[in-house]
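Chain residues, written in single-letter form:
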There are 2 protein chains.
Amino acid sequence: MIKETPYAAGNQDQISNTAPIHLIAKNTMTKTKQNTLFVSTLAKGLRLLRAFDETHTELSLTKLAEMTGLEKSAVQRLANTLHLEGMLDKDAETRRYRPSHAWLRLAYAYYWSDALVARAMPKLIDLSRHLGETVNLAELSGQEIIYAARLPCKRTTFAASVPGRTVPALSTSAGQCILATFPEEERAAAIRDWLVHAQTPRTTIDRAEISRQIGIVAETGHAITHGQMILSELGIACAIRGPDGRAWSAVHCSVSEHSWDIARIHEEILPWLQDTANAIQPLLRP
Amino acid sequence: MIKETPYAAGNQDQISNTAPIHLIAKNTMTKTKQNTLFVSTLAKGLRLLRAFDETHTELSLTKLAEMTGLEKSAVQRLANTLHLEGMLDKDAETRRYRPSHAWLRLAYAYYWSDALVARAMPKLIDLSRHLGETVNLAELSGQEIIYAARLPCKRTTFAASVPGRTVPALSTSAGQCILATFPEEERAAAIRDWLVHAQTPRTTIDRAEISRQIGIVAETGHAITHGQMILSELGIACAIRGPDGRAWSAVHCSVSEHSWDIARIHEEILPWLQDTANAIQPLLRP
DNA sequence: CACAAACATATTATATAATGATACGCTAAA
DNA sequence: TTTAGCGTATCATTATATAATATGTTTGTG
């Protein structure tokens, strides 16, 4: 809880972080009292970066304009700037832009700034070697879980093997066991308000059911979910608690339903998972 | 070689990608003919992002101003904007800024845009499981190698276990075996001009020696280096060639000198490494 | 092959919006 | 208590981003 509330912003060009960009568009040009501490040009540039995702891996100028809701010429200038600055690669043939290696460099800088990752990494490596299964370090990021470190051991979906993926906290074992450490009231509010999204046919979207599950998690100290994000995937997670007992991260293990059942998970995975989570000590980060 | 040369830039606020930011500073304010396709405000914002690295994990406003060479007030505005946009976290006590989770989200978007990673990932997982050793996917990025995907199997340094790290191509097995696939002339130019940096006491900085090594690599088809980046580390790499025979990426394996010798590497690692590299087919990316 | 549509690229007048100087206030050290 | 250092806030000025438009280039179609 160290994060502070950002300055109230006068310029409404800025967009909420979680909302899908392409839904905002257009009406961003209505001006209000300008906050001189907000540089809208920079914010617009960032919108271009955020336009890229799983389904938009390379974008033309016009597509970029469409997605960001910015003027064609603005996009032209901003994209060109990002290209010159090495933030976007440009395909000479198709003239389309793509994320550059600089995006990975930023991730590298992030890793050094997140003390938890440094702390966890060696222990996660040991764990994954011992289990022979995929383990992840998950952190709470708003209403979502972000997989900060991933050690895939078995072939799996691409989404499950690269870091940086975010999923609704309520729909994941990691999110559930983090929430289970929250004080009653906050937990209830989260269960009521936070986003859920039916990723698979088996994703639990009933909030009462989610509440019940998290209740159990709070008692047992671990969470197990079935096919919430990927069918036939079992997610097992233990929270990493801070000194106050509250967690904002978790150790997560992902296995296949076809090779594991609940009994074996309890015997062969949970003890080691719990151990690893405990061993990664509390730190100062949000 | 699909990348195109960016527009000539009129505004010299922009900085070369590879040069250390803090060395540029100051004299960026001398104006020239403005290129209207270059948005200097955006470029300045990016400078703030790039100010963060291994050694600068959280920065105060004044430190940020010092490092970027920007006015105190400019930094104030830009940092505040980045904070509002969710690109920088702010410690409420120390008032210092840090990379946010958004940096990992960008990395995630990058991964989807890089078809090679998607292609390589399952094969790298198999390889790392088979060898029981750390394997990486390395891509050429300017004069450097960037580790795009990392599958650490043994405890190692933090730098060697997170993706996004860049190292001089000439000093790494991955870089050497990529360069070995280049036409004679280009290779020579690279050996002559590209940066090298004495990371450890054992890093080869003699370009003649590097040239000799790459010559051998070109014949054998693989590269092995000793303690170039980390003492007691052996790096083994095989290039991933495109249809024209030229490579811009490599599969890399990192093992400890204490548990491996050259003979065993030839027997137990190289065949599988080579196999994996061959199996990851040519794609269209730069 | 010609024509049109779609898109990228380039230019310019205009006023919006970034600028940087400065002042204020807080905290911690002297 | 004073001072230094830093973060925060304000504002007049004009540099700089803007959006409209024109030009060039590629792609696809009748």
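As a reminder, the structure under discussion sits directly above these lines.
What you see as residue numbers is a count from 1 along each chain, following the sequence as written. Starting at A for chains and at 1 for ligands, labels are handed out in the order in which the entities are written. With the structure being a predicted model, the display of local features is reserved for residues of pLDDT at least 70 and the display and counting of side-chain atom pairs for 80 or more, all residues being used for whole-chain, interface and lining totals.

**Side note on the overall build of chain A**
Here comes step 1: Secondary structure elements follow DSSP: runs of H or I no shorter than four residues count as helices, runs of E no shorter than two count as strands, and numbering proceeds from the N terminus. Within chain A, the regular secondary structure consists of nine helices and eight strands.
Here comes step 2: Burial is judged by counting the other C-beta atoms within 10 Å of a residue's own C-beta: 20 or more makes it buried, 12 or fewer makes it exposed, and any count in between marks it as partly exposed, with every C-beta position built from the backbone. Looking at chain A as a whole, 49% of its 286 residues are labelled buried.

**Some remarks on the protein's contact with DNA strand D**
Here comes step 1: Should the C-beta atom of a residue, placed from the backbone, lie within 6 Å of a molecule or strand, that residue is near it. Neighbouring residues of DNA strand D: 21 residues in total, closest Glu71 and Ser73 of chain A together with Ser60, Leu61 and Thr62 of chain B.
Here comes step 2: Looking at the surface near DNA strand D element by element, the count peaks at three residues for helix α3 (residues 72–84) of chain A.
Here comes step 3: Under the scheme applied, nonpolar residues are Ala, Val, Leu, Ile, Met, Phe, Trp, Tyr, Cys and Pro; charged residues are Asp, Glu, Lys and Arg; polar residues are all the others, including Gly. Here the surface near DNA strand D is built from residues that sort into six nonpolar, ten polar and five charged.

**Some remarks on the sheet that holds strand β4 (residues 144–151) of chain A**
Residue and element names in this part refer to chain A.
Here comes step 1: In spatial order, the strands read β5-β4-β3-β8-β7-β6; together these six strands make up an open sheet with antiparallel pairing. Edge positions in the sheet fall to β5 (166–168) and β6 (223–226), since each of these pairs with one other strand and no more. Adjacent strand axes in the sheet meet at a mean angle of 30 degrees when their direction is disregarded.
Here comes step 2: Note on contacts: each residue gets a C-beta atom placed from the backbone, and two residues are in contact if those atoms are within 7 Å. Axes, fitted as lines to C-alpha atoms, cover a helix only where it is in contact. Angles between the N-to-C directions of the axes lie from 0 to 180 degrees. On the sheet, helix α9 (residues 262–279) packs against β6, β7 (233–241) and β8 (247–256) and is oriented at approximately 30 degrees with respect to β7. When DSSP finds two or more bridges between a pair of strands, those strands are recorded as paired.

**Quick look at unusual backbone geometry**
Here comes step 1: For serine 232 of chain A, which is not glycine, the phi torsion reads 70 degrees and is therefore positive.
Here comes step 2: Along the chain, serine 232 of chain A turns up in the loop between β6 and β7.
Here comes step 3: Taking the number of C-beta atoms within 10 Å as the measure of exposure, serine 232 of chain A has 12 and is therefore exposed.
Here comes step 4: The phi dihedral of arginine 95 of chain B is positive, around 65 degrees, even though this residue is not glycine.
Here comes step 5: Mapping arginine 95 of chain B onto the fold places it in the loop between β1 (88–90) and β2 (97–99).
Here comes step 6: On the basis of neighbour counts, which here come to 10 C-beta atoms within 10 Å, the residue arginine 95 of chain B falls in the exposed class.

**So, the relation of the copies chain B and chain A**
Here comes step 1: Rotating chain B by 180 degrees about the axis while translating it 0.0 Å along that axis superimposes it on chain A, leaving an RMSD of 0.0 Å. Accordingly, the operation relating the two chain copies is best matched by a two-fold axis. Residue leucine 42 of chain B of chain B places its C-alpha closer to the rotation axis than any other residue of that unit, at 2.4 Å.
Here comes step 2: Same-surface contact between copies: 100% of interface residues of chain B are shared with the interface of chain A. For this overlay, a least-squares fit was computed on C-alpha atoms, restricted to residues scoring pLDDT of at least 70 in both copies.

**Here's the deal with the environment of arginine 264 of chain A**
Here comes step 1: Relative to the helices and strands, arginine 264 of chain A resides in helix α9.
Here comes step 2: Along the chain, arginine 264 of chain A and alanine 102 of chain A lie 162 residues apart, while their C-alpha atoms are 43 Å from each other.

**Some details on the pairing of β6 of chain A**
All names here are of chain A.
Here comes step 1: Sheet analysis places β6 next to β7, joined by four bridges and oriented antiparallel. By the bridge assignment, threonine 225 is partnered in β7 with glycine 235.
Here comes step 2: Remark: six residues form the turn of the hairpin made by β6 and β7, two consecutive strands paired antiparallel; glycine 227 in that turn has positive phi of roughly 40 degrees.

**Focus on the packing of helix α1 (residues 40–50) of chain A against α3 of chain A**
All names here are of chain A.
Here comes step 1: At a minimum axis separation of 10 Å, α1 and α3 run at an interaxial angle of 75 degrees. Classified by the angle between their axes, α1 and α3 sit roughly perpendicular to one another. Contacts between α1 and α3 pair Lys44, Gly45 and Leu48 from the former with Ala74, Val75, Leu78, Ala79, Thr81 and Leu82 from the latter.
Here comes step 2: The residue inventory of the contact of α1 with α3, partitioned by class, reads six nonpolar, two polar and one charged. By the definition adopted for this analysis, an angle is roughly parallel if under 35 degrees, roughly antiparallel if over 145, roughly perpendicular if from 65 to 115, and oblique otherwise.

**Some details on the interface of chain B and chain A**
Here comes step 1: With 72 residues of chain B at the contact, the number on the chain A side is 72 residues.
Here comes step 2: For the side of chain B that touches chain A, the secondary-structure elements that each account for two or more residues are α1 (40–50), α3 (72–84), β1, β2, α4 (102–113), α5 (115–131) and β4 (144–151) of chain B.
Here comes step 3: Ranked by the residues each element gives to the side of chain B that touches chain A, the list is headed by α4 of chain B, at eleven residues.
Here comes step 4: Tallied by class, the residues present in the side of chain B that touches chain A amount to 39 nonpolar, 16 polar and 17 charged.

**Section: the protein's contact with DNA strand C**
Here comes step 1: Taken together, 21 residues are adjacent to DNA strand C, and Thr41, Ser60, Leu61 and Thr62 of chain A together with Ser73 of chain B come closest.
Here comes step 2: Counting residues per element, the ones that place at least two in the surface near DNA strand C are α1, α2 (61–68) and α3 of chain A together with α1 and α3 of chain B.
Here comes step 3: Among the elements that take part in the surface near DNA strand C, α3 of chain B stands out by supplying three residues, more than any other.

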